[in-house]
Amino acid sequence: MKRCEHRTNYDLREEALDPQLTDHLDTCESCATRARRAEAFDTVVRSAMITSVPDDLTAKLLALVPGLMPPLMVRSKHWKLQRRAFVGLSGVASILAIGLLVYGLFLLAGAVGVEQWLASASTWPGVAIDWLYRHIPSSRSVVAAMITMRQPLQWIILLILIWQVWERMPLPNKQQTA
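Owing to the predicted nature of the structure, the values given are computational and were not obtained by experimental measurement.

**What to know about the overall build of the chain**
Line of reasoning, step 1. When helices and strands are counted, the chain shows 8 helices and 0 strands.
Line of reasoning, step 2. Residue burial in the chain is summarised as follows: out of 178 residues, 10% are buried.
Line of reasoning, step 3. In the chain, the share of contacts with a sequence separation of at least 24, taken over all contacts with a separation of at least 6, comes to 24%.
Line of reasoning, step 4. Carbon together with sulfur atoms contributes 67% to the accessible area of the chain, which is approximately 16000 Å² in total.

Listed below in structure tokens is the structure:
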């Protein structure tokens, strides 16, 4: 096995990778095998360093130090699941309560006579347009122009909305995926 000057330089993370080192590893087989071994060892050491902390360890450690307030509650591993279930059920209950409230208001509106008032109120725009046409005859061309511009304006608003959403979307970062 021949000795190389790059023998101790096996930091193979992408952000630390030197182009000269990658060229050297492509040509030098002994350094490439050593780099593969170093990478495998690094992977094993990193996976062995991952540990889980027992639930009651924080309470025990805080009890050893006098004068510190102990935590209010040591939460179990199922705490997140319980919290998510509570939030989900609360959301469903809120949606049902709002639905029942709207249904109750609809029934109340029918009993009070709001339906007749809404029916008469729906004729008010037509009455206003008729009054406008009678008193200002040239307003017909303005109203016709507004009606013809409605659909293109809706498309422009939709395109502006899509553009704003597209502009705020996060772009994928190559360093995050590595």
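**Overview of the packing of aromatic side chains**
Line of reasoning, step 1. Applying the stated criterion to the full structure yields 1 aromatic pair.
Line of reasoning, step 2. With 5.9 Å between their ring centres and 90° between their planes, Trp-117 and Trp-124 make a pair best called edge-to-face.
Line of reasoning, step 3. Overall, the relative accessible area of 48% leaves Trp-124 in the partly exposed class.
Line of reasoning, step 4. Here the guanidinium or amino end of Arg-140 rests over the ring plane of Tyr-133, the centre of that ring lying 4.1 Å away.

**Description of the pattern of salt bridges**
Line of reasoning, step 1. In the structure shown here, the tally under the stated rule is 2 salt bridges.
Line of reasoning, step 2. In this structure, the salt-bridge partner of Glu-29 is Arg-36, at a minimum N-O distance of 3.2 Å.
Line of reasoning, step 3. Assessed through its relative accessible area of 53%, Glu-29 is described here as exposed.
Line of reasoning, step 4. The exposure class of Arg-36 is partly exposed, given its relative accessible area of 49%.

**Some remarks on the nonpolar core**
Line of reasoning, step 1. Core analysis: the largest hydrophobic core is formed by 5 residues, namely Leu-21, Leu-25, Cys-28, Cys-31 and Ala-35.
Line of reasoning, step 2. Breaking this core down by element, the ones donating at least two residues are helix H1 (19-27) and helix H2 (29-48).

**Some thoughts on the confidence of the model for the chain**
As a general rule, the predicted coordinates of low-pLDDT regions are not to be interpreted in detail.
Line of reasoning, step 1. Mean pLDDT over the chain works out to 80, with 80% of the residues at or above the 70 mark.
Line of reasoning, step 2. Confidence, expressed as mean pLDDT per element, reaches its minimum in the chain at helix H8 (residues 174-177) with 51 and its maximum at helix H6 (residues 124-135) with 93.

**Some details on a nonpolar patch on the surface**
Line of reasoning, step 1. Residues Trp-155, Leu-158, Leu-159, Leu-161, Ile-162, Val-165, Trp-166 and Met-169 make up a contiguous nonpolar surface patch of about 880 Å² in total accessible area.
Line of reasoning, step 2. Looking at the secondary structure, you find Leu-159 in helix H7 (residues 139-168).
Line of reasoning, step 3. Classification of Leu-159 by relative accessible area gives exposed; the value is 55%.

**Here's the deal with the side chain of Ser-139**
Line of reasoning, step 1. Following the sequence through the fold, Ser-139 ends up in helix H7.
Line of reasoning, step 2. The buried category is assigned to Ser-139, whose relative accessible area is 8%.
Line of reasoning, step 3. Only 3.5 Å separates the side chain of Ser-139 from the backbone oxygen of Leu-132, close enough to count as a polar contact.
Line of reasoning, step 4. Beyond its immediate stretch of four places on either side in the chain, Ser-139 contacts Leu-132 and Tyr-133.

Calculation rules
Residues numbered from 1 in each chain as written. Predicted model: local features only at pLDDT ≥ 70, side-chain atom pairs only at ≥ 80, totals over all residues. Heavy atoms only, no water. Helix = DSSP H or I, 4+ residues; strand = E, 2+ residues; numbered from the N terminus. Buried < 20%, exposed > 50% of the residue type's maximum accessible area, 1.4 Å probe, protein only. Contact = heavy atoms within 4.5 Å. Areas by Shrake-Rupley, 256 points an atom, 1.4 Å probe, with all protein chains shown as cover. Phe/Tyr/Trp six-rings, centres within 6.5 Å; stacked < 30°, edge-to-face > 60°. Lys NZ or Arg CZ within 6 Å of the ring centre and 35° of its normal. Salt bridge = Lys/Arg side-chain N within 4 Å of Asp/Glu carboxyl O. Core = buried A, V, L, I, M, F, W, Y, C linked by side-chain atoms within 4.5 Å. pLDDT = per-residue confidence, 0-100. Patch = residues over 30% accessible without salt bridge, like charges linked within 9 Å, V, L, I, M, F, W, Y side chains within 5 Å. Polar contact = N/O pair within 3.5 Å; in protein donor to acceptor, adjacent residues only side chain to side chain.

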